[in-house]
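Chain and residue survey
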Amino acid sequence: MSSFDLADWLLDIWILATASLVAASCAMVGVFLILRRQALMGDAISHSVLLGIVLAYLISGSNSLWVMLLGAVTIGLITAWLSESLHKVSRLQSDASIGIVFTLLFSIGVILVSLYTGQIDLDQECVLYGEIAFVPFDTIIWGDMETGTDIGPRAFWLILIVFLIVLISITLGFERLKTVTFHPSLALSLGISIPFWHYFLMTLVSMTTVASFDAVGAILVVALLIIPAASAYLLAKSLKSMLWLAVLYSQLSVWIGYALSYWLNSSIAASIAVSAGLLMIVTLLIMQIRKVQQKRHYLQQLNTEQA
Amino acid sequence: MNGFEPYPEIGFMQQAWHHLAVFWSFEDINATWVLIGSLLLGMSASVIGAFAFLRKRSLLGDALAHAALPGVMMAFLLSGSRDAEVIFFGALLSSLLGFWIIDWLPKNTKIKPDAALAITLSFFFALGLMLLSYIQTSEMANKSGLDKLLFGQAAAITEDDIQLLIWVTSIVLLTVLVFFDKFRLISFNRLYAKTLGVHVKFYEVLLAIMIVLSVVVGLQLVGVVLMAAILLTPIAAARFWSHQLSTLLILAALFGAISASLGAQISYVAPAMPTGPWIVVSLSILFFISFIFAPQQGLLKRYLDYRQLKQRVVQENILRTLYKLLEREHFQRNHFTLAEITALRSVSTADLTRSIQRLIKKHLISEKSNGYSLSEEGLLKAIKLTRRHRLWESYLSQHADLNSEQVHQQAERIEHILNKEQEEQIVAELMEQLDPHGAPIPKLPSQNLRETKNK
C-alpha cells in the first residue's frame, strides 16, 4: 500500500471501469422497470438468467460472449412470456405467476451448477457475488494466443457492448418508450405496439443482467437495477432527469462501494449494492426532514395569519 | 467448500440406494429429525403462505427471507456463536425491520409497492452478502456453514436447529388453528372485518409475524433465495382443486410437506446437492400437474369443456338452419340437402358432416335418400332455439336500441345459453309476435295446445 504500484493501479482501473459500466446500464434499464411497475420482473429475469448461461454453456461447450448473450436473452424472454401466459391462462395474480416461474428456472439453474461444478466455470458462490475482483485476469487476446495483444478483461468488453446497445436503443426509441411508459392508451391509438416494446425492454434487462453476471452475480443485479432508479424516481421531474439522476446515483454507489469494500475487506459487488441502498436511505432522510420542516413552516404561517 | 466430490460412476446408484434405505429405516436418528423437520416446515410454510397469497402479497415471503440474511450475519458477528437461538433471533429482528420498510415506503413516498419489495429484498440481501464476505475473510472461529443458509443444506442441520424448527412450526400451526376465522375474514374482506369490530391491524401484524417466523426458521433447510416458492407454490397449486379455504389449506400443507421431505431426502442422499432448489422443482412439478389435470379448473378440463360447447353450438346451429329452411318452404317440404344447409350457414363441410352424424345418432335428424330432415324431437328443439333467438332479438331492439343487424349477432351467441326461466321473463316483458326482421316467433307445441284450449 505504501509504494505506488502501476500494475495494481491498472487492476483497480479495470475493476472500476467494469463496475461503473454495469451500474450505469442497470440504472438506465431500471428507470423503465420502475416506471412501468415491473420491478419484480427485473428480479425474476435476473434470477433466471443463470439457467440461460448454464444451458448455453452446456449445449455449446464454449463460454464465448455471443453464446452467453444469446442464452440469457432467450431465457429472459421465456421468463417474461411464461409469467405472462401463466397469469392469463391460470388466472393467478401476476406477481404469483412471476414467483412460480422464476423460482423454478433459478432452481434448475442452481441444480445444474451443482451437478456440473467441475466442468463449468461457475459455482454457487459466483452465482451470488460475481467475481468482480477476478475480472481483470480473464482477458481477451486479440489475434492468436502467442503473439496477439492483450486488450483487456472479457467482462469489460461484454458490458461495454451491452452498455452501448442500451444507450443507443434508449436514445433512438426515447419518444416511443416514453409514450408506451406514460400513456399506454395513447401509444395504442398511435399504432405503437405495446407488446413489442415490453419484450424489447425485457431483452435489454436480460442482456444487462447477463453482462453484469460475471461482475456482480445474479442476485445483486436486482439492487443495481432497482435502487438507483428508485432513488432517482424520488427526485426527478421528467424522464430525462430521472435517467440522468439514476446514472449519477449508480456511479456514486460504485465509488462509495469500492471504498467500503477496501475498508472492510468485503465483497466489492455486495458493497456497491449496499452503498446504493445507503444513498437511497440518505435521500429519503433528507426528503423526510424537509417534509417536516415544510409542515412546520406552514403551521407557523397559519398561526401568524390567525393571530 | 463447494467441492463436489465426484462419485465413482458405478457405485453411485448403490450408494444412493444405501443412503435412502438408511434414511427410511429410521436408524440414523439425524435423518429422522431432518425428515420430521422438513415435513413440519413444509406444512407451516404453505399454510401461512396461503394467507399471504390470498391477501395478494405472494412475494412478501421472498422479500422477508432475503431480509433475514443480514440479521443472521449480524447475530453471528456480535455473539460469535452459531447457536440456533441466536441466529434465529437475529434473523427475526432484521426480517421484521424489512417488513416494516416494505410497509412504510409506499405509504410515505411515491415508491410503488412492487418497487418497495424489490428494494428491500435486494438491499438486505446485499447487506447480508457484504457481512458474509467480511466474516469469511476475517479470522473468526466456526464460521463455516454460514453460506449454507443461502440455498439450504439438509445434511448440515444440527439437532438444535431441528428442535427449534419443531417448536416454531408448531406455534405457527397452532396460531393459525386458533385464529382461523379472523385470518380468513381479514384475508377475504378487510373492510367487512373492520365493520364487525375486529381489530384488523392486530391480526395483520400477527399474520406478518407468523410469516416471518416460518420464513426465518426454514432458512437452514430451504435457504434464503428460494424461500418464496415454498410459501407461494403450494397454495397456487391447491387453488386448482378447491374453492373451500379449509380444503385449500390442507392441500397446500400436503403439497408443501411432500416436496419439502423430497428435497431433504435428495440433499441427504447426495450431500453436494442444495435442498432448496430440489424442493422448488418438486413443488413446481406438483403445481403443473394440478394446473393441467385438476378435475374442476384444470387446463385439460377447461379445454374439453370448451370443445364440447363448440360442438354443441355447431349442432344447434344446424338444427336452427333446418328449421329456417322448413319455414322458407312453408312447412311443405322436410328434406334438405347439404348444399341447402351450407347456403344458409357457412360451416366447413368436414365440420358439418361430422356434426350431422352426431345429430343422427341422437335421433334429432334423420337421413333419407333425398336429404336430411328434422325428427319430431329435433323439430321441438329447433323451435325452442329459434324461439329464443328471435325473442332475444326483439328484446334487444326494444330495450337496448340496437338495429336489426346488431341484434342478430348478439342473439347468435345468447340462444345457446338462455334457459327456460330467462325465456319466460323475456316473454313476460314483450308482447311481440314477430322478431325485428319480421319473422314470426315460433311457439312451443305445449303453448299452442294451451292457447287452443283457452279459445
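Residues numbered from 1 in each chain as written. Chains lettered and ligands numbered in written order. Predicted model: local features only at pLDDT ≥ 70, side-chain atom pairs only at ≥ 80, totals over all residues. Heavy atoms only, no water.

The name given to chain A in an unreviewed UniProt entry is Metal ABC transporter permease, with Thiomicrorhabdus marina as the source organism. Its UniProt record, at the heading Subcellular location (unreviewed entry), says of chain A: "Cell membrane". We quote the UniProt Sequence similarities (unreviewed entry) comment for chain A here in full: "Belongs to the ABC-3 integral membrane protein family." (UniProt positions renumbered as here; feature names shortened; annotations may be inferred.)

The next point concerns the packing of helix α6 (residues 159-178) of chain B against helix α9 (residues 200-217) of chain B. Residues and elements named next belong to chain B. Packing of α6 against α9 brings their axes to within 10 Å, and their N-to-C directions diverge by 155°. Classified by the angle their axes make, α6 and α9 are roughly antiparallel. Relative to α9, the crossing made by α6 is left-handed. For the pair α6 and α9, the contacting residues are Leu 164, Leu 165, Val 168, Thr 169, Val 172 and Thr 175 in the first and Leu 206, Met 210, Leu 213, Ser 214 and Val 217 in the second. The class makeup of the residues in the contact of α6 with α9 is eight nonpolar, three polar and no charged. (Axes fitted to C-alpha atoms, helices over the stretch in contact; angles between N-to-C directions. Helix = DSSP H or I, 4+ residues; strand = E, 2+ residues; numbered from the N terminus. Parallel < 35°, antiparallel > 145°, perpendicular 65-115°, else oblique. Left-handed = near helix turned anticlockwise from the far one by under 90°. Contact = heavy atoms within 4.5 Å. Nonpolar A, V, L, I, M, F, W, Y, C, P; charged D, E, K, R; others polar.)

The subject of this paragraph is the interface of chain B and chain A. Residue-level contacts link 59 residues of chain B with 58 residues of chain A. For the pair chain B and chain A, the summed buried surface comes to about 5100 Å²; carbon and sulfur atoms form 73% of the total. Where chain B packs against chain A, one counts zero salt bridges. There are 11 residue pairs in polar contact (both at pLDDT 80 or more) connecting chain B and chain A. Secondary structure elements with two or more residues in the side of chain B that touches chain A: α3 (60-79), α4 (84-108), α5 (113-137), α11 (227-238), α13 (275-293) and α14 (299-328) of chain B. The greatest single-element share of the side of chain B that touches chain A, amounting to 18 residues, is contributed by α5 of chain B. Per-class residue counts for the side of chain B that touches chain A are 39 nonpolar, 11 polar and nine charged. (Buried area = accessible area lost by both parts, 1.4 Å probe. Salt bridge = Lys/Arg side-chain N within 4 Å of Asp/Glu carboxyl O. Polar contact = N/O pair within 3.5 Å; in protein donor to acceptor, adjacent residues only side chain to side chain.)

Below, the discussion takes up the packing of aromatic side chains. Two aromatic rings, taken as a pair, are described by how far apart their centres are and by the angle between their planes. Throughout the structure, instances matching the rule amount to 16 aromatic pairs over all chains. Consider the rings of Trp 14 of chain A and Phe 156 of chain A, whose centres lie 5.0 Å apart with planes at 65°: the pair is edge-to-face. Here Trp 14 of chain A is found in helix α1 (residues 6-35), whereas its partner Phe 156 of chain A is found in helix α6 (residues 154-172), with 142 residues between them in sequence. Ring centres of Phe 179 of chain B and Phe 183 of chain B lie 6.2 Å apart, and the angle between their planes is 45°; on these two criteria the pair is classed as tilted. Given a relative accessible area of 25%, Phe 179 of chain B falls into the partly exposed group. (Phe/Tyr/Trp six-rings, centres within 6.5 Å; stacked < 30°, edge-to-face > 60°. Buried < 20%, exposed > 50% of the residue type's maximum accessible area, 1.4 Å probe, protein only.)

In this section: the confidence of the model for chain B. Averaged over chain B, the pLDDT score is 82; the fraction of residues at 70 or greater is 91%. Segment residues 1-9 of chain B is flagged for pLDDT under 50; beyond a separation of four residues in sequence, or across chains, it makes 14 contacts in the model. (pLDDT = per-residue confidence, 0-100.)

Moving on, we come to the pairing of strand β2 (residues 371-374) of chain B. Regular strands have side chains that alternate between both faces of the sheet. All names here are of chain B. Here strand β1 (residues 365-368) pairs with β2 via four bridges, running antiparallel. Each residue of the ladder has a partner; that of Ser 366, found in β2, is Ser 373. Connecting β1 to the antiparallel partner β2 that follows it, the hairpin turn spans two residues. (Pairing = 2+ DSSP bridges.)

Further remarks concern α6 of chain A. Given 3.6 residues per turn, any residue in an α-helix points the same way as the ones three and four places further on. For α6 of chain A, spanning 19 residues, the distance from its first C-alpha to its last is 27 Å, which sits close to the expected 27 Å at 1.5 Å a residue. Within the sequence span of α6 of chain A, burial applies to Arg 154, Ala 155, Phe 156, Leu 158, Ile 159, Val 162, Phe 163, Val 166, Ser 169 and Ile 170 of chain A. (Expected span 1.5 Å × (residues − 1).)

Further remarks concern the side chain of Arg 36 of chain A. All names here are of chain A. Checked against the element boundaries, Arg 36 lands in the loop between α1 and α2 (39-60). Glu 84 is the oppositely charged side chain nearest to the buried, salt-bridge-free Arg 36, at an N-O distance of 7.4 Å. Setting aside residues up to four positions removed in sequence, Arg 36 forms contacts with Val 180, Thr 181, His 198 and Leu 201. (Lys, Arg positive; Asp, Glu negative; His and termini not counted.)

Another point: a negative patch on the surface. Residue and element names in this part refer to chain B. A contiguous patch of negative charge, built from Asp 83, Glu 85, Glu 159 and Asp 160, is present on the exposed surface. Among the secondary structure elements, Asp 83 is positioned in the loop between α3 and α4. Residue Asp 83 is classed as partly exposed on the basis of its relative accessible area of 40%. (Patch = residues over 30% accessible without salt bridge, like charges linked within 9 Å, V, L, I, M, F, W, Y side chains within 5 Å. Areas by Shrake-Rupley, 256 points an atom, 1.4 Å probe, with all protein chains shown as cover. Charge placed at Lys NZ, Arg CZ, Asp CG, Glu CD.)

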